[in-house]
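Summary of the model geometry
Listed here are the chains, written in short residue letters.
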Amino acid sequence: MQEKQKEGEFPLNRNYQKELEKIILENEKLGKRPMLLLHVCCAPCSSYCLEYLDRHFELVLDYYNPNISPKEEYDKRVEELKRLLHQMPLSNPVSLETGKYEPELFFEMAKGMEEEPEGGKRCFACYEMRLRQAAREAVRLGCDYFTTTLSISPYKNAGKLNEIGEKLAKEYHIPYLPSDFKKKNGYKRSIELSDTYKLYRQNYCGCPYSRMEAEKKRKNYTESIAK
């Protein structure tokens, strides 16, 4: 019986983890260790991705997240990422590129979508904004692939992320590395690593809209148990 496609899932019946494993195996047979630009959003999400990808790729991390507010939150996530890179026993050197903090670009992009629910059209546009910059940076640095840590979150649509990545791959002529890092207990492992390194784990995606939604849910929960 064919699995019913859930609303917002793109596309049906692709296993991005298996596609990634096939690419890794093909490169290893050829004796290649390709350069991968990995867009990163925070240290907790990056932890498992670093542990997994470090064995197979030369990694360049790209921290570009104009959606994150306020500036103090943005800076805190950068510092936690730097601390993780310093403390984590990686087998190869990993470089970190930090893009300009451009919240005005996010707010301009989000106009008219302020009331969209988390995980809807506004989020998809945000995915594309960040992945587009990642594709440009990957081309500039001469990387072999680009991808993002975002798919490790159970709240992020891996199908849509891969759809956008593959569209941009054609536009910028650089392969997008298919991925769904929450698979094979990736998300669970990221929580374990966050505990090991005592990483700051934020309770909202990053943008003010996601923060307001998270605060509203907490308030509703608090009120419900107080009754």
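The structure presented is a predicted model; accordingly, all values stated were derived computationally and were not measured. (Residues numbered from 1 in each chain as written. Predicted model: local features only at pLDDT ≥ 70, side-chain atom pairs only at ≥ 80, totals over all residues. Heavy atoms only, no water.)

**Here we look at the pairing of strand β3 (residues 95-98)**
Rules: At least two bridges found by DSSP between two strands is the condition for calling them paired. Strands are runs of DSSP state E lasting at least two residues, helices are runs of H or I lasting at least four, and both sets are numbered from the N terminus onward. For a crossover, the right-handed case is the one in which the path from the first strand over the helix to the second runs clockwise, viewed with the strands pointing away from the viewer.
Taken together, the four bridges between strand β2 (residues 58-63) and β3 define a ladder with parallel strand orientation. From the neighbouring strand, Tyr63 faces β3, where its bridge partner is Thr98. Following the chain from β2 across helix α3 (residues 71-87) to the adjacent parallel β3, one finds a crossover that is right-handed.

**Some thoughts on the packing of helix α2 (residues 43-53) against helix α7 (residues 186-196)**
Quick reminder of the rule: The axes are straight lines fitted to the C-alpha atoms, using for helices just the contacting stretch, and the angles between their N-to-C directions are given from 0 to 180°. Roughly parallel here means an angle under 35 degrees, roughly antiparallel means over 145, roughly perpendicular means 65 to 115, and every remaining angle is called oblique. The contact criterion used is simple: two residues touch if any of their non-hydrogen atoms lie within 4.5 Å. When residue character is reported, Ala, Val, Leu, Ile, Met, Phe, Trp, Tyr, Cys and Pro are called nonpolar, Asp, Glu, Lys and Arg charged, and the others, Gly included, polar.
The contact between α2 and α7 brings their axes to 8 Å, and the two run at 110 degrees. As summarised for this structure, α2 and α7 are arranged roughly perpendicular, according to the angle between their axes. Side by side, α2 and α7 meet where Pro44, Ser47, Tyr48 and Glu51 of the first sit next to Gly186, Arg189, Ser190, Leu193 and Ser194 of the second. Residue composition of the contact of α2 with α7, by class: three nonpolar, four polar and two charged.

**Re the sheet that holds β3**
Strand order across the open sheet formed by four strands is β3-β2-β1-β4, with parallel pairing between neighbours. A strand with exactly one partner marks an edge of an open sheet, and here the two such strands are β3 and β4 (145-148). Neighbour-to-neighbour, the strand axes of the sheet open up by a mean angle of 25 degrees, direction not taken into account.

**Brief notes about the nonpolar core**
Let me state the cut-off plainly: Buried Ala, Val, Leu, Ile, Met, Phe, Trp, Tyr and Cys residues form a nonpolar core when they are joined through side-chain atoms within 4.5 Å. For every residue, the accessible area obtained with a 1.4 Å probe (protein chains only) is divided by the maximum for its type, and the residue is called buried under 20%, exposed over 50%, and partly exposed between those limits.
If you look at the biggest cluster of nonpolar residues, it comprises 54 residues, and the most contacted ones within it are Leu50, Leu53, Phe57, Phe146 and Phe181. Elements with a minimum of two residues in this core: α1 (16-29), β1 (35-39), α2, β2, α3, α5 (121-141), β4 and α6 (158-172). Setting aside chain neighbours within four positions, we find Phe181 in contact with Leu20, Tyr48, Cys49, Tyr52, Leu53, Thr147, Thr148, Thr149, Ser151, Ile152, Gly186 and Tyr187.

**Focus on the environment of Ala158**
With respect to the secondary-structure elements, Ala158 resides in helix α6. Among residues more than four places away in sequence, those in contact with Ala158 are Tyr16, Ser151, Asp180 and Lys182.

**Re the packing of aromatic side chains**
This is how it is decided: Any two of the Phe, Tyr and Trp rings considered here, Trp counted by its six-membered ring, make a pair once their centres fall within 6.5 Å; the pair's planes then place it as stacked at under 30 degrees, edge-to-face at over 60, or tilted in between. Our definition puts a charge over a ring when NZ of Lys or CZ of Arg is within 6 Å of the ring centre and also within 35 degrees of the ring normal.
As enumerated under the stated definition, the model contains nine aromatic pairs in all. Between Phe146 and Tyr176, the ring centres sit 5.1 Å apart and the planes meet at 75 degrees, which makes this aromatic pair edge-to-face. Within this pair, whereas Phe146 is found in strand β4, its partner Tyr176 is found in the loop between α6 and α7, the two being separated by 30 residues in sequence. For Phe146, a relative accessible area of 0% translates into the label buried. A residue is classified by how much of its surface remains accessible, and Tyr176, at 7% relative accessible area, is buried. An aromatic cluster is defined as three or more aromatic residues linked by ring pairs; in this entry it consists of Tyr63, Tyr74 and Tyr101. Here the guanidinium or amino end of Lys76 rests over the ring plane of Tyr200, the centre of that ring lying 4.0 Å away.

**Side note on the pattern of salt bridges**
Here is the rule we go by: The salt bridge definition used is simple: a Lys or Arg side-chain nitrogen within 4 Å of an Asp or Glu carboxyl oxygen.
In this structure the tally under the stated criterion is 20 salt bridges. Where Arg132 meets Glu171, a salt bridge forms, and the shortest distance between an N and an O atom there is 2.6 Å. Taken together, the residues span a long stretch of sequence, with Arg132 in helix α5 and Glu171 in helix α6 at a distance of 39 residues. Residue class for Arg132 comes out buried when judged on its relative accessible area of 19%. Judged by relative accessible area, Glu171 falls into the partly exposed class, the value being 42%. Connected through shared salt-bridge partners, Glu128, Arg132, Lys167 and Glu171 make up one network.

**Considerations on the pairing of β1**
Counting buried residues along β1, five of its five residues qualify, which places the element largely inside the surrounding structure. Here five bridges tie β1 to β2, and the two strands are oriented parallel to one another. Residue Leu36 lies in a different strand from β2, and its bridge partner there is Leu59. A crossover links β1 with its parallel partner β2, the connecting element being α2, and its sense is right-handed. Taken together, the four bridges between β1 and β4 define a ladder with parallel strand orientation.

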